[in-house]
Each structure stands twice: as C-alpha cells, then as structure tokens.
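Single-letter residue listing:
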Amino acid sequence: MIRKIILYNEGIETLIFFSKQLGAAFEHMGYETFYFNQESEFDSLLKLMEFIEPDVTASVGFNFNGCSGEDYLYDKNGVHLYDFRDVLTINIVVDHPMYYHKFEPYLPERYVQLSIDGEHEDYLKRFFPEIKRGPECLLAGTSILKTGVTAAIHDMSGYIISPDDEALKSGHIRSMDEESPYAKLNYDRHLPIVFTGNYNPPEKQDPVLARNGPEYEQFYHDLIDDFIAHPDYELTSTIERHLRDSFADELTEDTLRDTFPYMIVIDLYIRHYFRGEVVRTLVDAGIPVHVYGAGWELLRVKNPDCLITHPNINSKECLERISEADISLNVMPWFKRGAHDRVFNSMLNGAVCVTDPSDFLLKEFNDGEDIFFYKLDELDNLPDIITRIQNDKDQMEKIRRAAYKKCLAHHTWSHRAELIAREFFT
C-alpha cells in the first residue's frame, strides 16, 4: 500500500503548478509527499533517497519526470534508483505520445503511463503495447474564488493550496475567506474577453517544413491544408493516411511508428494556426480580446487596438485574469477526445468558457447551458456568438453557476488525485 509520494518542482511552470495541486490533494488525503528538485539534483537526491521506503513509495510526475534518462538516478551498474528501491512510477503525459519516443528505453520496471486523451491512449496501445497503461486522466482545473484552506480540507475541491503553507505544517489552519464562492462569480469582472496562452506564428515552422527538400515540404503543406480544411480530424489517423498515400511501399508498422516524431512540427503548426485565427476573427470584427502570453504582438490583425497584449504570466496569474473576465476563450490543442485545463480553469473561476468542442466536452457539457461551443471551420459565426453572450447578462450568470457547480463536483486536481489513489495506492 502506497503511503509516500514523490512529486517534482522543476521544468515547465505549468507542470510544476499541476504537481503542487496534486501534491496538496495527496497531503490532505493523508499521504506524505516529497518534492524532488531536478535543478539541484545532487542535493535533492540525498533527501530523495532518505524519503523513499521500498514498496510504499510512488512517483507521480508529468511528461517523464524522473524517467527521462537522468544520469544521477542510475547507479554504476545502470540500475535506476526507482527499480533498486521498488518505487511505483506514474507518469501523466500531457502531449501526444509522439513527442516522447526517445524516453521509452529509460522507463523503470514498475511504470504506468496515464493519457489525457483517448487518441493518445490508442496510439500508446498500438505502438508501445509493452508499456503498462492506467485509466485516462484528464487535465483538471483550480479555483481561486475561495482561497480558504479550510474549504479545501472539507470538500477536496481543488482550491490553490501551497504545499509549503506554514499554516498547514503547524496545524493552525484558518479560512482566509469565509465568503461563498458563488458570491464571487461576478466579482470585479472588468475584462470582457481573455485568452491565456502563448502564440507562435505558424510560419516560423517553415524552415523545418523545408529542411528535407521540396518533395517533403509539399507533403507537410498538403497535410497542414487537410487539417485546416477539416479541423475535426485527429492527428494520428490523418498523418497515417497521408503517409500511406505518399510512401505506401516503404511504410511498415515499425517505420510508421518511427516516423511519427518527425510530425511534431505539424501539431505545433496547426495548434498555433487556429489559435491565431480564432483571436484574429474576433479582433478583426472589432471585439477586444486581452491576450496573456508571449508572441501575440506578432499576430497580424486589421484592428490592432482590439488586440490587447500583456506579458507572459504564470499559472496563478492566469487564474487571476480569468477570474476578472466575463468570457474565457479556449482553443483546444488538438485533443479531440479529451479536454484542456483552460476549460476547467475558466469554469472554476467564474468566466464563461467559449471553446471549440471535443468528444468529451460535448458529452460532459451542454451548449448554452454551462458552456458555449464554436466550430473551427465556421469561425465567421464566432463574433455573433460572443456578442449574444455579452448582451445577455442573466444567461451569463446562469452559465457561470452551472459550469462552476459541475467542475467543482468532477474536474479539480483533487478528483484526479483521488482517481490515481483509488487505482494504484490501495
């Protein structure tokens, strides 16, 4: 039975934030936690070795924390510390698995991979059947509408709690805010529309697309054009179809698997293409959009005064800006069966979420009741959708409450911690 959990506090800021939310939830469930800092690995490694107890310790990380070939985790005989000390390793992968083929040789023996999207799970099952898989583990959201730690202890709802909070350590815990979060759903909302996330102009990928000559460049652009014309297509099946059409005689199953990592550029291109198109559509229609993230000054628009750029900000600051917004805009990062944390963060912080759909979102939420959907291939309709939302304050309030209630009941990091504990720790 697992009693101790290793988490990680280095790398991509968003993933560190996710880890801290999971860690806080695990602590409130009674688990002992340790945060391994891979940026000061040798000092932290000594503490890690003291923390680990064989057979009762698990590592819970994102995108191959602790299992990406870090040399300091191996002894002179090439044995991984987690194998030597019998640590269960749970890895939540938040991107398409084609990004991470190179890490497959480094996985510990007691390794389990969790996917956030059904397409990712199918890909793993097909090309890496030897890897043990757990249940689908969607990303989740965090609320700052109610900051009291008492509330989080009471209902495990996923409010922001720092694992280093001195009040938690001392046991002298007080609610910092006794006001009902429902009263804050309309709190100080002076931002009409926000989008939180970076923008990288897709044309920056052109040198990569051209690196292998005109024939391959044309192949890439044909594939991109297919996604732009059919934005409901999934990555894996569409890429495979184009590869088979172009290289049928050379394409064995192993060759196909080995080719997918070269398609990462396609994922990056279409993600940012549509991210730019969605924001541009609103801005060109004269609808102001506040964008928080790097690169947005490079988006070419007709009404630059309506594109209100802000510096890149961290995860907590993103939540604060969302909590000040009427509408939080989302563009799915090609998760056609899953969800993105931006959807849940929007709902848990009182903003009306406007997003393109996925299979999961269509099943879990109801258009016009707790969410608003638009279609990437019908962006001309998006300004009218936004205008109707902004003009009906009563409906906006109903949607905020319905979305908040549903996410609070099902889609916080505490729920994901409970899923992991239920599946692996007992």
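Remember, predicted model here, so these are calculated numbers, not experimental data.

Thresholds applied
- Residues numbered from 1 in each chain as written.
- Predicted model: local features only at pLDDT ≥ 70, side-chain atom pairs only at ≥ 80, totals over all residues.
- Heavy atoms only, no water.
- Axes fitted to C-alpha atoms, helices over the stretch in contact; angles between N-to-C directions.
- Helix = DSSP H or I, 4+ residues; strand = E, 2+ residues; numbered from the N terminus.
- Parallel < 35°, antiparallel > 145°, perpendicular 65-115°, else oblique.
- Left-handed = near helix turned anticlockwise from the far one by under 90°.
- Contact = heavy atoms within 4.5 Å.
- Nonpolar A, V, L, I, M, F, W, Y, C, P; charged D, E, K, R; others polar.
- Pairing = 2+ DSSP bridges.
- Phe/Tyr/Trp six-rings, centres within 6.5 Å; stacked < 30°, edge-to-face > 60°.
- Buried < 20%, exposed > 50% of the residue type's maximum accessible area, 1.4 Å probe, protein only.
- Salt bridge = Lys/Arg side-chain N within 4 Å of Asp/Glu carboxyl O.

A few points about the packing of helix α1 (residues 13–28) against helix α17 (residues 413–424)
Two measures define how a pair of helices packs: the angle their axes make with one another and the distance between the axes. At a closest axis distance of 8 Å, the pairing of α1 and α17 adopts a crossing angle of 65 degrees. By the angle class used here, α1 and α17 are roughly perpendicular. Considering only the axes of α1 and α17, their crossing is right-handed. Together, Phe 18, Gln 21, Leu 22, Ala 25 and Phe 26 of α1 and Trp 413, Ser 414, Arg 416, Ala 417 and Ile 420 of α17 make up the contact between the two elements. The residue makeup of the contact of α1 with α17, split by class, is seven nonpolar, two polar and one charged.

Quick look at the sheet that holds strand β9 (residues 325–330)
Pairing in this open sheet of six strands is parallel, and the strands run β8-β7-β6-β9-β10-β11 from one edge to the other. Edge positions in the open sheet fall to β8 (307–310) and β11 (372–373), since each of these has one partner strand only. Direction of pairing for strand β6 (residues 191–196) relative to β9: parallel, over a ladder of three bridges. When the sheet's bridge partners are listed, Leu 191 is paired in β9 with Ala 325. Across the sheet, helix α11 (residues 264–284) is in contact with β6, β7 (289–292), β8 and β9; its angle to β7 comes to roughly 150 degrees. Packed onto the sheet, helix α12 (residues 315–323) meets β6, β7 and β9 and runs at close to 155 degrees relative to β6.

Side note on the packing of aromatic side chains
Counted by the stated rule, this structure contains 25 aromatic pairs. Ring geometry for Phe 64 against Tyr 100: centres 5.2 Å apart, planes inclined by 35 degrees, an arrangement best described as tilted. Of the two residues, Phe 64 sits in the loop between β3 (57–62) and α3 (81–84) while Tyr 100 sits in the loop between β4 (88–93) and β5 (111–115), which places them 36 residues apart along the sequence. The two residues Phe 64 and Tyr 100 agree in class, both being buried.

Here we look at helix α13 (residues 341–348)
Most of α13 sits out of view: eight of its eight residues are buried. Every buried residue belonging to α13 is among Asp 341, Arg 342, Val 343, Phe 344, Asn 345, Ser 346, Met 347 and Leu 348, and all of these are buried. Just past α13, the residue Gly 350 takes up positive phi, approximately 80 degrees.

Let's talk about the pattern of salt bridges
Applying the stated criterion to the full structure yields 26 salt bridges. A salt bridge links Asp 86 to Arg 110, with the nearest nitrogen and oxygen atoms 3.1 Å apart. Of this pair, Asp 86 sits in the loop between α3 and β4 while Arg 110 sits in the loop between β4 and β5, and the two are 24 residues apart along the sequence. Here Arg 337 makes a salt bridge to Asp 122, at a shortest N to O gap of 2.8 Å.

As for the side chain of Thr 89
Inspection of the secondary structure puts Thr 89 in strand β4. Exposure remark for Thr 89: the relative accessible area of 1% places this residue in the buried category.

So, to be careful, I would describe these as geometric facts and stop short of saying anything about function.
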